[in-house]
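Next come the chains, spelled out residue by residue.
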Amino acid sequence: MTNIILLGPPGAGKGTQARRLVEERGLVQLSTGDMLREAKDSGTEMGKIVADVMARGDLVTDEIVIGLIEEKLATAKANGFIFDGFPRTLAQADALASLLKRSGNQLDAVIEMRVDDEALVDRISGRFTCGKCGEVYHDKTKPVKVDGTCDECGSNDLRHRADDNAESLKQRLMEYYKKTSPLIGYYYAMGDLFTVDGLQEIEDVAKSIANVLDQATAS
Ligand code: ADP
Ligand code: ADP
Ligand code: ZN
């Protein structure tokens, strides 16, 4: 069982790397952002509650996201999990620790993906995703091969996220620095923190993460 957290600001490349780890290592990606967007798109009660919060770029309550993760951990069968965009607060980090402990599991590595704010603006403003398979693209750094068509699944449902605008990004960054970045110190103190340079090209970031995982799982 390998359990990893990908930690970093919006646009750092967490989702991109998580998808690779799913393919290469057979882990299951748990993205609270994706789960919340699903709830929103399917129009559930919870989806209605979180829609405005997400559009503004604020964090959804701990209670809601911890509930989502708890449910997935109880039902998904996996060799391990990649937590992508969770935890985002100290309360969520504590909840995750007890959920893992309860099932006799532990955290193997917290990978901080370091990217400066200027690059984040470029990344977020060029991001689009496939509505069918979830592949993540970028206008400049990861374009599709055939205009308007997903390379992975051939779908034409390529979407730009409604919250990927300058105003919401500003608020998401504030939330990140206020509430999420303290987790870097927390996991450092626990001895679980590894930092990779997220400004490298996608392939090189993947190599850095692979090195970290070899190191973390060997010890
Ligand atoms: P990004 O890819 O920009 O990091 P996500 O897709 O992870 O963004 O999250 C989108 C939005 O969903 C966040 O701005 C926030 O409103 C909500 N969200 C996602 N994960 C969490 C979480 N763990 N705690 C609180 N809110 C969350
Ligand atoms: P996060 O999940 O952390 O919000 P994403 O994986 O969605 O980040 O990546 C944000 C955007 O940046 C996407 O458009 C993605 O294609 C692009 N991207 C991801 N990693 C890199 C990288 N190392 N170099 C350049 N662009 C990248
Ligand atoms: Zn697709």
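Residues numbered from 1 in each chain as written. Chains lettered and ligands numbered in written order. Predicted model: local features only at pLDDT ≥ 70, side-chain atom pairs only at ≥ 80, totals over all residues. Heavy atoms only, no water.

> Would you mind going over the site of ligand 2 with me for this structure?
Around ligand 2, the structure places 19 residues, and the nearest of them are Gly-11, Lys-14, Thr-16, Arg-127 and Tyr-137. A distance of 2.7 Å separates an oxygen atom of ligand 2 from a polar atom in the backbone of Tyr-137. Ile-202 is positioned such that a nitrogen or oxygen atom in its backbone is 3.5 Å from a nitrogen atom of ligand 2. Considering ligand 2 on its own, with 570 Å² of exposed area, one finds that the protein chains cover 92% of that surface. Those elements that provide at least two residues to the shell around ligand 2 are α1 (14-25), β6 (136-138) and α9 (202-218). The residue makeup of the shell around ligand 2, split by class, is seven nonpolar, eight polar and four charged. (Near = heavy atom within 4 Å. Polar contact = N/O pair within 3.5 Å; in protein donor to acceptor, adjacent residues only side chain to side chain. Areas by Shrake-Rupley, 256 points an atom, 1.4 Å probe, with all protein chains shown as cover. Helix = DSSP H or I, 4+ residues; strand = E, 2+ residues; numbered from the N terminus. Nonpolar A, V, L, I, M, F, W, Y, C, P; charged D, E, K, R; others polar.)

> Teacher, can you tell me more about the packing of α1 against α9 here?
Describing two packed helices takes the angle between their axes plus the distance from one axis to the other. In the contact formed by α1 and α9, the axes pass within 11 Å of each other and the chain directions differ by 60°. Between α1 and α9, the crossing angle belongs to the class labelled oblique. When you trace α1 past α9, the crossing you get is right-handed. Residues Thr-16, Gln-17, Arg-20, Leu-21 and Arg-25 of α1 lie in contact with α9, whose contacting residues are Ile-202, Glu-203, Val-205, Ala-206, Ile-209, Ala-210, Leu-213 and Asp-214. Residue classes in the contact of α1 with α9 are distributed as seven nonpolar, two polar and four charged. (Axes fitted to C-alpha atoms, helices over the stretch in contact; angles between N-to-C directions. Parallel < 35°, antiparallel > 145°, perpendicular 65-115°, else oblique. Left-handed = near helix turned anticlockwise from the far one by under 90°. Contact = heavy atoms within 4.5 Å.)

> Got a minute to help me understand a negative patch on the surface in this structure?
Taken together, the side chains of Asp-116, Asp-117, Glu-118 and Asp-122 make up a negatively charged region of the molecular surface. For Asp-122, the location among the structural elements is in helix α6 (residues 117-126). (Patch = residues over 30% accessible without salt bridge, like charges linked within 9 Å, V, L, I, M, F, W, Y side chains within 5 Å. Salt bridge = Lys/Arg side-chain N within 4 Å of Asp/Glu carboxyl O. Lys, Arg positive; Asp, Glu negative; His and termini not counted. Charge placed at Lys NZ, Arg CZ, Asp CG, Glu CD.)

> Help me out: how do you make sense of the environment of Asn-3 in this one?
With respect to the helices and strands, the residue Asn-3 is situated in the segment before β1 (4-7). As a C-alpha pair, Asn-3 and Glu-24 span 21 residues in sequence and 14 Å in three-dimensional space. In contact with Asn-3, not counting residues within four places along its chain, are Gly-80, Phe-81, Phe-83, Leu-100, Asn-105, Gln-106, Leu-107, Asp-108 and Ala-109. Here Phe-81 takes part through its backbone nitrogen, which lies 3.1 Å from a polar atom of the side chain of Asn-3.

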